[in-house]
Amino acid sequence: MAGRPWRQAVWREPLVYEIGDPGYTGFITPYSEDDALLEAELGSPEKALGELARGEAPPLPGLAENQAVRHYTRLTQMSYGVDTGPVPLGSCTMKYNPRIGEELVSAMSVHLLHPYQDEDTVQGLMRALWLLERWLAELTGMDRCSLQPPAGAAGELAGALMIRKYHVDRGEASRDEMLVPDSAHGTNPASAAMAGFRVVKLPTGPEGTVDMDALEEALGERTAGIMLTNPNTLGLFEDRIVEIAEKVHNAGGLLYYDGANLNGIMGLIRPGDMGFDVVHLNIHKTFAAPHGGGGPGAGVVCAKGSLVDYLPRPLIERRGDKYYWSYDCDKCIGRVRAFYGNIVPLLKGFFYIAALGGEGLRESAIQSVVNTNYFIRLVRGAKGLEIPYSPERPRKHEVVVSVKPLQRETGVSAADVAKALLDRGLHAPTIYFPLIVEEALMVEFTESEPASVIENYAAALREILEEAYHNPAALKDAPRNTAVRRVDDVYANHPKTVTPSYRVYRLRQAGLLR
Amino acid sequence: MDKPVHWVPGIRDRVRQLEAIGVSSVYELYSDVPRELLLDRAPSVGFGRMLSEEELRRLSREISSSNTVFTGPPPFTGGGWCPHWVPSIVDYIVSRGEFLTAYTPYQPEINQGLLQALFEYQSLIADLTELEIVNASLYDGSTAAAEAALMALRVTRRKKIVLSSTLHPEYIDVIKTWLYGKGVEIRFIPRREDTYQVDTESLDEHIDSNTAAVIVASPNFYGAFERDIGFLADQVHHHGGLLVQVFEPLSLGIVKPPGRLGVDIAVAEGQPLGLGMNYGGPGLGIMAVRWDRKLLRQVPGRIIGLTRDAEGERAFTMILQAREQHIRREKATSNITTNESLMAIRAAIYLTLLGGEGLRRLARSIWLRSHYLAKRLREVGVEAPVYSSEFFKEFLARFQKPYAPIHRELLRRGILGGLDVSRYGAGSGREAIFCATEVHSKKDIDTLINTLVEIMG
């Protein structure tokens, strides 16, 4: 389509420090007319606090309400979410976040519920959470779930700790090795290391799945378990999963399932049936709670068999019609956070599953897989692009393509392609991941995008690849149409210029930074 | 499928898509999955069918009808989580789709607004605490404390963490869980019975050359401020360890910030900063760290930094990513990825609406209301607080009779009372933590007291 190119808002919005006034407050304390009375009766806080008193107001800029609304509205106009356009970040499952979920959680006044309210006064909420746990256990083929972990990585940490404690309790503390494929999410090795494991990296075989010989070789008396995503980060289903599970179990190890990638199989295939013992799920990915620019999420952890005893506590139990939190913790790993979990995203997940039912979830999974393979069909054969690992095999929720030929032939990299996509008003895919694919673009449309959006996206990508062969310099210069041009990462990270707060900036300007 | 499915617009494209892909059925796309693993029917979740929006609304109302929202007077329940006023525009701004439905800003050029808001959050917390390095949020106060412990272990390469026994019991549990695999010794400093502050005379028994950090809360679980954080800091530093303070963000409107007291890492629950109560989650894990290059490299989580773009214009981006899991994998400073960004933005909006002066006024109000509540409780024969220390919004009260029956009677009259600490094996069954904040009017407090008089006779 001809015409002017897409253009993001460029507000050059000042920092709050540059528009606010530390002495200004438009804020009226509730019932502040009481305070003079109380102060007359009790004396001044500053006097009572004595040495503890701060002495002056903190140096925070104050904005009038309309100024604040304007400031943040402008900032939102220089931001991009699923509500703006497609965000096909692979492994991030950026599906549409139904507004009805926002409405319902808000209508429930969850923001007014205190975590220490007596259980009798939150029976409705507890029933919803109890049902959610049952549904998630059913979808994963597990026995029980703890809703406590606040995000996927916390669920992973919980799962890794459960595996650690399980072995320790059996007198096998020497099982201190966690196997992690080289295609795994970075959180897997990081979580395993936090739980005290030595991470053993498993190479990916030529087919793009776990190398069975390497697995065989890695297994032994020190094996605590294996952390797998299936379908893996290449979007390929580990077709020998049953055999893998058997081998790991025979060696005395356990299987951990990274549920970040459940979207292509939910309602169709269950981790429990594949042989996994512990699973975590991302409610903010698969179950449509919004990502919020990086959180809050919810990272439910589920287990089966004897691993249930190790789940973080409390768990919800039911006696007759009454729901209650059970703190029984004979073997459990304890708590992974205070209170019960990130209730707001959990409830959005609850309403999402309630809305769709098993059939709807299944159809969503199928459509996400159809969308992935449709995209592959649209970009396959484009000059400069290749599909590494079993290019003919169907992918599931996501696909990883490589622009290594493009990079070799034109110097235009995956990062340049990503920036050129931004210039067209399209969010880029995940880039340079998984690490086993050079110049990787990892693409996941989810079921939320209709065919026309995928067609536009594929056309834009093809156009960029073509342009790279004619005018590579222009792509090196992208983006031009976003709120700022390409950011300077060297300046951002250099010891002399690194600035993690405005306070650092001011101190440096004044020559006061040590 | 010929009927529509919620939020799956491609259903109508599917036949055309499959044809283009070159398969005759969707199941060909699952042909590599062992047959025995494929469920032959949809799992039994939800209510056995799709629900319309109208049915979902009914479901939500039904769930709500067996929850009680305490608004007569708001809850007087303490325990590290209290009711606070949430400005209307906080909810409005964070419901805007560009923030709400964004991912972590991996592509900085198209997400400058989100990055700037998070940088402003970090900057506001830095000025509030007078500590220069702030990350873009952790999960909650408890996990921020656990991350601080892990950070101290890395920085000092030592193997012992010393906790104040007056930390929130759930924080202690969380720290123990997170350190489980690390083979670390955890010791506790006892509290003084008269002040509920750490017993500084026993410090020498607990802090030594193997101590990575001492973690102390001020105000602590029971509401008491430590008398002299600076002295604690000196003692810990003398042995080469780090001092971690768990603080309460609103209190910094009137009390000295951790950065002025020699604290190395300050962590807090950001729930009071415009988040609402959310039945305990999401919260906001605040972490602020003293300016030091060695510490900077060991901070967990995302950090947003100020930089410039190719034309020299001001820009923002995620910095020091080489600390993080997606690059450093098992050697990362933490596994955290998704954090509480939107909650951090809530806190930033909240703080800029108040400004420094507004925060000071708010903190004074909270101090006054909570001290009024304590005074009124004393007038009716309740020991409040049970210690001689200063407190801010929460305090431990001791009744003359067991608290549980009193709590039940309050509840029967529509009032949510204090947190019975016997739940954590503390006290004698007569103690509870109460809070009063800006949302409690003098009249609310008088109502509580009058009701207590009725109950206690």
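Residues numbered from 1 in each chain as written. Chains lettered and ligands numbered in written order. Predicted model: local features only at pLDDT ≥ 70, side-chain atom pairs only at ≥ 80, totals over all residues.

### Quick word on the domain arrangement of chain A
Phase 1 of the analysis: Here the domain parsing of chain A yields domain 1 (16-77) and domain 2 (118-356).
Phase 2 of the analysis: Between the C-alpha centres of domain 1 of chain A and domain 2 of chain A the distance comes to 44 Å. (Domains from an automatic or database assignment.)

### Description of the nonpolar core
Phase 1 of the analysis: Residues A:Met162, A:Val278, B:Ala148, B:Ala149, B:Ile215 and B:Val267 are the most contacted members of the largest nonpolar core, which totals 329 residues.
Phase 2 of the analysis: When neighbours within four sequence positions are excluded, B:Ile215 is seen to be in contact with B:Ala145, B:Ala148, B:Ala149, B:Ile161, B:Leu163, B:Ser164, B:Leu167, B:Val244 and B:Val246. (Core = buried A, V, L, I, M, F, W, Y, C linked by C-beta atoms within 7 Å. Buried ≥ 20, exposed ≤ 12 C-beta atoms within 10 Å, placed from the backbone. Contact = placed C-beta atoms within 7 Å.)

### Some remarks on the domain arrangement of chain B
All names here are of chain B.
Phase 1 of the analysis: Segmenting chain B into domains produces domain 1 (1-40), domain 2 (88-349) and domain 3 (355-456).
Phase 2 of the analysis: Centre-to-centre, using C-alpha coordinates, domain 2 lies 28 Å away from domain 3.
Phase 3 of the analysis: Listed per partner, the contact involves 15 residues of domain 2 and 19 residues of domain 3.
Phase 4 of the analysis: For the side of domain 2 that touches domain 3, the per-class residue count stands at eight nonpolar, five polar and two charged. (Nonpolar A, V, L, I, M, F, W, Y, C, P; charged D, E, K, R; others polar.)

### Considerations on the packing of helix α12 (residues 343-379) of chain A against helix α1 (residues 14-21) of chain B
Phase 1 of the analysis: One can describe the packing of α12(A) onto α1(B) by two numbers: an axis separation of 9 Å at closest approach and a directional angle of 45°. Relative to α1(B), the element α12(A) lies oblique. In this structure, α12(A) crosses over α1(B), and the sense of that crossing is left-handed. Across the interface between the two elements, A:Gln367, A:Val370, A:Asn373, A:Tyr374 and A:Arg377 from α12(A) touch B:Arg14, B:Gln17, B:Leu18, B:Ala20 and B:Ile21 from α1(B).
Phase 2 of the analysis: For the contact of α12(A) with α1(B), the residue count by class is five nonpolar, three polar and two charged. (Axes fitted to C-alpha atoms, helices over the stretch in contact; angles between N-to-C directions. Helix = DSSP H or I, 4+ residues; strand = E, 2+ residues; numbered from the N terminus. Parallel < 35°, antiparallel > 145°, perpendicular 65-115°, else oblique. Left-handed = near helix turned anticlockwise from the far one by under 90°.)

### With respect to the pairing of strand β8 (residues 315-319) of chain A
Residue and element names in this part refer to chain A.
Phase 1 of the analysis: Note: β8 against strand β9 (residues 322-326), five bridges, orientation antiparallel. The partner of Arg318 across the bridge, within β9, is Tyr323.
Phase 2 of the analysis: In this antiparallel pair of consecutive strands, β8 and β9, the connection spans two residues, and Gly320 shows a positive phi of 60°. (Pairing = 2+ DSSP bridges.)

### Here we look at helix α6 (residues 141-156) of chain B
Residues and elements named next belong to chain B.
Phase 1 of the analysis: Compared with an ideal rise of 1.5 Å per residue, which puts 16 residues at 22 Å, α6 spans 22 Å between its outermost C-alpha atoms and is within 8% of the ideal.
Phase 2 of the analysis: The element α6 is extensively covered by neighbouring structure, given that 14 of its 16 residues are classed as buried.
Phase 3 of the analysis: Backbone geometry just after α6 places Arg157 at a positive phi near 55°. (Expected span 1.5 Å × (residues − 1).)

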